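Below are the chains, spelled out letter by letter.
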Amino acid sequence: MNLMDDFQRFKVSSLAHAINEDVRNNEFGYAHETINESIEQWKEKVNYELLCTEAQIMTELISSDNVFNNQRQ
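Residues numbered from 1 in each chain as written. Predicted model: local features only at pLDDT ≥ 70, side-chain atom pairs only at ≥ 80, totals over all residues. Heavy atoms only, no water.

Caption draft 1: Fine view of the overall build of the chain. Secondary structure summary: the chain contains 4 helices and 0 strands in total. Taken from the N to the C terminus, the helices and strands of the chain come in the order α-α-α-α. Per-residue burial over the chain gives 27% buried out of 73 residues. Put simply, 58% of the contacts in the chain that link residues at least 6 apart link residues at least 24 apart. With the model as given, the accessible surface of the chain reaches about 5300 Å², and the carbon-plus-sulfur share is 53%. (Helix = DSSP H or I, 4+ residues; strand = E, 2+ residues; numbered from the N terminus. Buried < 20%, exposed > 50% of the residue type's maximum accessible area, 1.4 Å probe, protein only. Contact = heavy atoms within 4.5 Å. Areas by Shrake-Rupley, 256 points an atom, 1.4 Å probe, with all protein chains shown as cover.)

Caption draft 2: Quick peek at unusual backbone geometry. Backbone geometry at Asn-26 places phi at a positive 60°, although glycine is not the residue there. Relative to the helices and strands, Asn-26 resides in the loop between α1 (3-24) and α2 (28-37).

Caption draft 3: The environment of Tyr-30, seen in detail. Here Tyr-30 lies in helix α2. Tyr-30 gets classed as exposed once you look at its relative accessible area, which sits at 54%. In the structure, Tyr-30 is positioned 11 residues away from Ile-19 in sequence and 7.8 Å away in space, judged by C-alpha atoms.

Caption draft 4: The arrangement of the pattern of salt bridges in detail. In the structure shown here, the tally under the stated rule is 3 salt bridges. Put simply, Glu-40 and Lys-43 hold a salt bridge, and the shortest N to O gap is 2.9 Å. When its relative accessible area of 52% is taken as the criterion, Glu-40 is described as exposed. Of the charged contacts, one joins Lys-45 and Glu-49 as a salt bridge, the two residues approaching to 3.6 Å between their closest N and O atoms. (Salt bridge = Lys/Arg side-chain N within 4 Å of Asp/Glu carboxyl O.)

Caption draft 5: Representation of the side chain of Thr-59 in the model. For Thr-59, the location among the structural elements is in helix α4 (residues 53-72). Residue class for Thr-59 comes out buried when judged on its relative accessible area of 3%. Those residues within four positions of Thr-59 in sequence are excluded, and the remaining contacts are Ile-35, Ile-39, Trp-42, Tyr-48 and Leu-51.

Caption draft 6: Local environment of the nonpolar core. If you look at the biggest cluster of nonpolar residues, it comprises 13 residues, and the most contacted ones within it are Ile-19, Val-23, Ile-35, Trp-42, Leu-51 and Ala-55. Of all elements in the fold, only α1, α2 and α4 reach the threshold of two or more residues within this core. In terms of residue count, the dominant contributor to this core is α1 (4 residues). Leu-51 has contacts with Ala-16, Ile-19, Asn-20, Trp-42, Gln-56 and Thr-59, leaving out every residue within four places of it along the chain. (Core = buried A, V, L, I, M, F, W, Y, C linked by side-chain atoms within 4.5 Å.)

Shown next as structure tokens:
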């Protein structure tokens, strides 16, 4: 792993921590917005597993909604 990989892992880990805190504090709007803005990060299993169960469910719902919306266009 190089320095950029380490930095990216730190960024994703920090983002997951912030999302998980928002969920624990019932700040679902903030969690949803953060997940939606960073949805590509959560497609990787190693990153996805950093999220709490509720955030994982939100990620799956957002991803499926994005797929559905793209198919409709």
